[in-house]
Amino acid sequence: MSIATVNQAPILQKIFSQKHDTQARHYDLPLLLIALALLSIGLVIVTSASMPVATRLFDNPFHFAFRHVVYMGIAVTAALVTLQIPMYWWRVSNGWLLLSVIAILIAILLVGRTVNGSTRWLAIGPISIQAAEPAKLFLFCYLAGYLVRRYEEVTENLKGFIKPLAVFFVLALLLLKQPDFGTVIVMFTTTLGLLFLAGAKLWQFFGLVLTGICAVVALVMFEEYRMKRVTAFLDPWADPFGSGYQLTQSLMAYGRGDLFGQGLGNSLQKLEFLPEAHTDFIAAVLAEEMGFAGIILVLGLLLALVLKALRLGNKAIQNDRAFEGYFAYGIGIWFCFQTMVNIGASAGMLPTKGLTLPLVSYGGNSLIIMTMAVAILVRIDFELRVDGLQALRGGSQAKKTVKAKSTKAPKKKKKASSKEVASDD
Amino acid sequence: MVTRQVKTNKKNSENKPQFRQWRFWLVVGVVISVFTGLAARAAYIQVIDPDQLVKQGDNRTLRVRHSAAHRGMIMDRNGVELAVSIPVQAIYADPKIVHDKEGLQQTKRWQALAEVLGQDYEKLIDKVSNPQRRFVYIQRQVSTAMADYVKQLKIPGIYLREESRRYYPTGEVSAHVVGFTGVDDDGLEGIEKLYNEYLTSTPDKRVIRRDRVGRQVELLDEEKGKQAQDITLTLDQRVQAMVYRELKEAVQYLKATSGSIVVTDVHTGEILAMVNSPSFNPNNRSNVSSHRIRNRAATDAFEPGSSVKPLAVLSALEFGVAELDTVIDTAPGRMRIGGSFVSDPRNYGELDLTGIIQKSSNMGTSKLALQVPKEHLLDTYYAMGLIGDTGTQLLGESEGIFNEARRWSKFELATLSFGYGLSVTSLQLARMYSTLGNGGVKLPLSIVKRAEPAEGERVISQQYAKAIINMMESVTQEGGTATKAAVAGYRVAGKTGTSQKAVPGGYGEEYVNIFAGVAPASDPQIAVVVLINEPGGDLYHSGDTAAPVFSKVMAGALQMLNVAPDARGVSSLAKTSNSVGGAGR
């Protein structure tokens, strides 16, 4: 007995130090856990919500669930790859990324696949790419880079302020051609938020907001189907079997959810009452099956994610990493806005707009890009932490320390070495 | 290092990106308020005020489903179906859907529909012309084949609904007893109405949630309906069919207005057959006049005439004013009572009791009846079931016509002895003969099979009951009034009854012919009452009209029920049967 106790003591000490030695961790574990939680909830709810429609369309209840798992696999792989890419690479190549996205958008307009009247997909073999998703990420990346390069112009004169808007305008034109109004709105809002945070002049900023609102109103009035969506949103019960159908069904799902929901798998509205139950209206199924508690959980996780992104942006700017800071801001605002539109639309606060719920909704492209965005946040955080360590230990010794640290925590070795590659560049 | 590179990138800019505190916190504020707003909205529509939404959801998903309810069967004593329910379809329209989907444009399909249903095209279109209405029956109780055709026409707004239709396999044979139901499966006549409650089932009720295409998702509540119960009648369909055939033939042959026959089992009081002619087809009642639907055997009362004469003899015997060997002098075949005359067709001279019955002597029964006190005579009529109901509880059953308050004069008592002054139904008469056949124990008649045998009540002594049977046997023998009622191989006891029908101010030219009897006389099993109303041909004596029918019915019933022959000299069956057969013609 006594021998055993003596032998155990150092092991326990080791475990304790591993657990509590925060110095050993070079990445933001809570952020990862939040993302993983959202992905897991997404998988469960997508599986539940897609079963009836999958059974009807493909005679296989797990058709969409299986695909979702495959997309998650791709997304995690993509995220792991993204983790290896130093932020420096993003900073230097953001212009090229933007150009490539514009090229793909043009290609889509020329040879894209048309589904439900929208030309949004570019089919390459069995894979179909929805360029709108990478377009968002790369635009924010470009904007972050631009704001850093032309910081003075942006804050000092109108030209600097207008230039990024021109880029946005080109993208918006291409997207509206598809048409993909939702993506344009996300881009616009995020651009606005970034300009605001970067310190654009207030009169210019509000002028832009006003212009944007006018443009949106004009676009809505111009297209009849958008107008219909807006009127249906204003009073869905006026025509509950026509234009208000989706929204009223979604609201009923919320109503049936109550505090703790009908129980997982017990949604009634997903049984073909609610179209797009696993994509645009995933929140409604979540609300019905898990109740208000489920909605609060998902909202809480997303809010934590967004706040973490914004705080990370702060930290980066304060640490002289303005590009990373703006990029993190952009991702934060983007996630926040998509959450608002998706849940807001299903809860009847906003007109219906086909935007996914970050990390939760079904949809390969969105899932992959959103997971990559989270990976970028982790990478930014990681680089900041390593900076911090270097600052702490003093410039010349930093490299050595990092190496020592990485041997201590073998898991992080790979990242640490990739970081070195980055710094060697 | 990264820091260095960042610096290189902005080496020209003095004004480097910096953290703008108030802007950042404003954005954070906006983000938090966005999420709070979403949460608040969710809380409002989920927890605080979800009732309206839940109600709207329930409107779309909560349904009450009823299972198809079928009516119970009616069967005869051997389990032969007399009334069954078969599934059919009702065609109905939702005019709103018809108009919304512009179904009326498809003229050809509507014409085809009108044609297959045998309806007028214009009228059909008219039925669905009002788009405000949501439900119109196009046609009910259509066969499955026709329903299939209509289904394939695929007219928008035209739907099918399952219902059940009553079918009577035995048709007009048992129509009066069984009755029929209306289009909504409610009993309207006969047993169908009498035991409607019993036969009706209430459908099972299930409260369910359905999905968009109507499949059941969840069973919320289930309520078992009342199971329909089958009814077994006392009728024997074989006897019933045979009896109906004979009656129909006789009514036609005799050009009679109507006829009824009742066959009972004397030991149980069960009605084995009860038929009337004219009858009707319960499966197709269009253009059936109501007089055909009446169950005359139970509803129509007639003056029974001589068929009740045994009662006068019986009451004299019971009271003790006559012995079995009493002889009554009926000469000169005519007597005056009060201001009226009672007479026999001819002077029979001295007759013993058997003779009185055999010859059906009015003089004999009158003299016997006048010897017993009035109360005792009337009591005998009561006791034998000629006054009051018979126990079948059949719809519209008549209790006969008998004026109790009346002060009976001697003449009236005399006429009562040969069957005038009261009216009875065929059922009541059947009960009287059953009681005689059952050795004087009276049983209520029954049409629905009893779980327990009915309790009898002795109303006359067995000795006299037997004696009366023996006397009545002479009626069918040589010298009796109804030799044509004889049945080969069996001893048959019976009595004719030929009464004139009362008309305002007296008696008219129309007759009611009755023959009632039991067989086998040695140990009676079956009582049969044959009533021919208003024979229109040359024959109007019961011995020529009702008696031959009785013979055939009794012969058939005895055979079907496997009753052993009891006649002496059955060895010469062939010869007897020939002679009876000849007499029957």
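This is a predicted model, so every value here is computed, not measured.

The rules behind each value
Counting from 1, residues in each chain are numbered in the order their sequence is written. Ligands are numbered from 1 and chains lettered from A, in the order in which they are written. With the structure being a predicted model, the display of local features is reserved for residues of pLDDT at least 70 and the display and counting of side-chain atom pairs for 80 or more, all residues being used for whole-chain, interface and lining totals. Each side-chain value is derived from all of the structure's non-hydrogen atoms; neither hydrogens nor water enter the calculation. Here a helix means four or more residues in a row that DSSP labels H or I, a strand means two or more in a row labelled E, and each is numbered from the N terminus. Burial here depends on accessible area, computed with a 1.4 Å probe over protein chains only, as a share of the maximum for the residue type. Under 20% is buried, over 50% is exposed, and the range in between is partly exposed. A contact between two residues is defined here by any heavy atoms of the two lying within 4.5 Å. Residue-level accessible areas treat just the shown protein chains as cover; the underlying method is Shrake-Rupley with a 1.4 Å probe. As used here, buried area is the combined drop in accessible area, with a 1.4 Å probe, of two parts when they are placed together. Whenever Lys or Arg places a side-chain nitrogen within 4 Å of a carboxyl oxygen from Asp or Glu, that contact is recorded as a salt bridge. Counting of polar contacts relies on pairs of N or O atoms within 3.5 Å, with two restrictions inside protein: one atom must be capable of donating a hydrogen and the other of accepting it, and residues adjacent in sequence are counted only when both atoms are side-chain atoms. The residue classification treats Ala, Val, Leu, Ile, Met, Phe, Trp, Tyr, Cys and Pro as nonpolar and Asp, Glu, Lys and Arg as charged. All others, Gly included, are polar. The span you would expect from a helix comes to 1.5 Å times its residue count less one. To pair, rings of Phe, Tyr and Trp, with the six-membered ring standing in for Trp, must have centres within 6.5 Å; the planes then decide the type, stacked if under 30 degrees apart, edge-to-face if over 60, and tilted in the middle. Each patch groups residues whose relative accessible area exceeds 30% and which form no salt bridge, using 9 Å between like charges and 5 Å between nonpolar side chains of Val, Leu, Ile, Met, Phe, Trp and Tyr. The pairing criterion for strands is at least two bridges between them, as found by DSSP. Note on geometry: axes are C-alpha line fits, over the in-contact stretch for helices, and angles between N-to-C directions span 0 to 180 degrees. Angular relationships are summarised with four words: roughly parallel below 35 degrees, roughly antiparallel beyond 145, roughly perpendicular across 65 to 115, and oblique for the angles in between. Known as pLDDT, the predictor's confidence for each residue is given on a scale from 0 to 100. Put simply, buried Ala, Val, Leu, Ile, Met, Phe, Trp, Tyr and Cys residues joined by side-chain atoms within 4.5 Å make one nonpolar core. Boundaries of every domain are those given by an automatic assignment or by a domain database.

A. Examining the overall build of chain B more closely. The helix and strand tally for chain B stands at 22 helices and 21 strands. Every one of the 585 residues in chain B was classed for burial, and the buried ones make up 52%. Pairs at least 24 apart in sequence give 71% of the contacts found in chain B among residues at least 6 apart. In the form shown here, chain B has an accessible surface area of approximately 26,700 Å², with 48% of it arising from carbon and sulfur atoms.

B. Just the overall build of chain A, in detail. Looking only at helices and strands, chain A has 16 helices and 3 strands in total. If you sum the accessible surface of chain A, you get close to 18,300 Å²; carbon and sulfur atoms cover 67% of it.

C. Quick look at the interface of chain B and chain A. With 44 residues of chain B at the interface, the matching set in chain A holds 64 residues. Taken together, both faces of the contact between chain B and chain A bury some 5,000 Å²; the carbon and sulfur share is 69%. Our enumeration of links across chain B and chain A arrives at 0 salt bridges. Here chain B and chain A share 5 residue pairs in polar contact (both at pLDDT 80 or more) between them. Those elements that provide at least two residues to the side of chain B that touches chain A are α1 (2–9), α2 (21–48), α3 (51–61) and β6 (205–210) of chain B. Take the side of chain B that touches chain A: its biggest share by element is 19 residues, from α2 of chain B. Among the residues making up the side of chain B that touches chain A, the classes are represented as 24 nonpolar, 10 polar and 10 charged.

D. Region of interest: the pattern of salt bridges. Residues and elements named next belong to chain A. Applying the stated criterion across every chain yields a total of 33 salt bridges over all chains. For R91, the salt bridge is made with E324, and the minimal N-O distance between the two is 3.8 Å. Taken together, the residues R91 in helix α4 (residues 87–111) and E324 in helix α13 (residues 322–346) connect sequence positions 233 residues apart. For the pair R91 and E324, a shared accessibility class is recorded, and that class is buried. Put simply, R91, R321, E324, R379 and E383 are held in one network by salt bridges that share partners.

E. Region of interest: the side chain of Q237 of chain B. Residues and elements named next belong to chain B. Locating Q237 in the fold gives a position in helix α11 (residues 237–253). A relative accessible area of 9% means that Q237 is categorised as buried. Contacts of Q237, omitting those with residues within four sequence positions, involve D76, V80, L82, T170, V173 and S174.

F. Inspection of helix α7 (residues 158–177) of chain A at higher detail. Residues and elements named next belong to chain A. Over its 20 residues, α7 runs 28 Å from end to end, which matches the ideal 28 Å to within 8%, given 1.5 Å per residue. Buried within α7 we find G160, F161, P164, L165, V167, F168, L171, A172, L174 and L175. Where α7 is buried, its residues meet α4, α5 (132–149), α6 (151–156), α8 (181–198) and α9 (202–222).

G. Main features of helix α14 (residues 309–319) of chain B. Residues and elements named next belong to chain B. Of all 11 residues in α14, 9 are buried; the element is thus mostly enclosed. What α14 keeps buried is the set K309, P310, L311, A312, V313, L314, S315, A316 and L317. G320 occupies a position one or two residues after α14 and carries a positive phi of about 95 degrees.

H. Inspection of the packing of aromatic side chains at higher detail. Taken as a whole and judged by the stated rule, the model has 28 aromatic pairs over all chains. Between Y326 of chain A and Y329 of chain A, the ring centres sit 6.2 Å apart and the planes meet at 45 degrees, which makes this aromatic pair tilted. One end of the pair is Y326 of chain A and the other is Y329 of chain A, both in helix α13 and 3 residues apart, which spans about a single turn. For the pair Y326 of chain A and Y329 of chain A, a shared accessibility class is recorded, and that class is buried. With 6.1 Å between their ring centres and 75 degrees between their planes, Y382 of chain B and F402 of chain B make a pair best called edge-to-face. Of this pair, Y382 of chain B sits in helix α17 (residues 374–383) while F402 of chain B sits in the loop between α17 and α18 (410–417); the two residues are 20 residues apart in sequence, bridging distant segments of the chain. Exposure remark for Y382 of chain B: the relative accessible area of 28% places this residue in the partly exposed category. What links up through ring pairs into an aromatic cluster is the set W89, W90, F138, F323 and F327 of chain A.

I. Looking closely at a nonpolar patch on the surface. On the surface, L202 and F206 of chain A together with W22, L26 and V30 of chain B cluster together into a nonpolar patch covering about 490 Å² of accessible area. Counting only elements with at least two residues in the nonpolar patch, the list comes to α9 of chain A together with α2 of chain B. The element that contributes the greatest number of residues to the nonpolar patch is α2 of chain B, accounting for 3 residues. Along the chain, the position of V30 of chain B falls in helix α2.

J. Seen up close, the sheet that holds strand β10 (residues 271–277) of chain B. Residues and elements named next belong to chain B. If you walk across this open sheet you meet the 5 strands as β10-β9-β21-β20-β19, and the pairing is antiparallel. Strand pairing shows two members of the sheet lacking a second neighbour, β10 and β19 (493–503), which therefore form its edges. Averaged over all pairs of adjacent strands, the angle between their axes in this sheet comes to 10 degrees, without regard to strand direction. In the sheet, strand β9 (residues 258–265) pairs with β10 via 6 bridges, with the strands oriented antiparallel. Bridging across to β10, I261 finds its partner in V275. Set on the sheet, helix α19 (residues 426–437) makes contact with β9, β10, β19, β20 (506–519) and β21 (526–533); between it and β21 the angle comes to about 150 degrees.

K. Examining the sheet that holds strand β7 (residues 216–223) of chain B more closely. Residue and element names in this part refer to chain B. What the 3 strands build is an open sheet, ordered β1-β6-β7; its pairing is antiparallel. If you trace the sheet from one side to the other, it starts and ends with β1 (62–66) and β7, each paired once. Averaged over neighbouring strand pairs, the angle between their axes works out to 30 degrees when direction is ignored. Pairing of β6 with β7 involves 6 bridges; the strand directions are antiparallel. The residue bridging R209 from the neighbouring strand is E218, located in β7.

L. Representation of the pairing of β21 of chain B within the structure. All names here are of chain B. With 8 of 8 residues buried, β21 lies mostly within the body of the structure. Side chains I526, V528, V530 and I532 of β21 all project onto a buried face; the interleaved residues A527, V529, L531 and N533 project onto the opposite face, where all are buried too. When β9 meets β21, the two strands line up antiparallel, connected through 8 bridges. Bridged to D265 within β21 is I526. Where β20 lies against β21, 8 bridges are found, and the strand directions are antiparallel. Considered in β21, the bridge of I514 is made with L531.

M. Representation of the packing of helix α11 (residues 245–257) of chain A against α2 of chain B in the model. Where α11 of chain A contacts α2 of chain B, the axes come no closer than 7 Å and their chain directions differ by 75 degrees. When the axes of α11 of chain A and α2 of chain B are compared, the pair comes out roughly perpendicular. Counted together, L251, Y254, G255 and G257 of chain A of α11 of chain A and R41, A42, I45 and Q46 of chain B of α2 of chain B form the full contact between these two elements. Considered class by class, the residues forming the contact of α11 of chain A with α2 of chain B number 4 nonpolar, 3 polar and 1 charged.

N. Representation of the confidence of the model for chain B. Residues and elements named next belong to chain B. When pLDDT is averaged along chain B, the result is 86; 94% of the residues meet or exceed 70. Ignoring residues within four places in sequence, the model shows residues 1–14, a span with pLDDT below 50, making 15 contacts including any to other chains. Low pLDDT, under 50, characterises residues 571–585; the stretch is placed with 10 contacts to residues that sit more than four places away or in other chains. Across the assembled chains, the prediction reports ipTM 0.84 with pTM 0.66.

O. A look at the nonpolar core. Residues and elements named next belong to chain A. Counting 136 residues, the largest nonpolar core has Y254, Y326, F327 and W334 as the members making the most contacts within it. It is helix α12 (residues 282–318) that contributes the most residues to this core, 20 residues altogether. Two domains each provide a minimum of three residues to this core, namely domain 1 (36–84 + 247–379) and domain 2 (89–194). Not counting the four nearest positions on each side in its chain, F327 is found in contact with M87, W90, L137, F140, C141, A144 and I376.

P. Main features of unusual backbone geometry. Residues Q178 of chain A and P179 of chain A are joined by a peptide bond in cis, for which omega reads -5 degrees. With respect to the secondary-structure elements, P179 of chain A resides in the loop between α7 and α8. Cis geometry is found at the peptide bond from S277 of chain B to P278 of chain B, where omega equals 5 degrees. Topologically, P278 of chain B is positioned in the loop between β10 and α12 (290–293). In the Ramachandran plot, D320 of chain A falls in the positive-phi region, its phi being about 65 degrees despite a non-glycine side chain. For S360 of chain B, which is not glycine, the phi dihedral falls at a positive 55 degrees. Relative to the elements of secondary structure, S360 of chain B occurs in the loop between α15 (353–359) and α16 (362–371). Under the relative-accessibility criterion, S360 of chain B is labelled buried at 11%.

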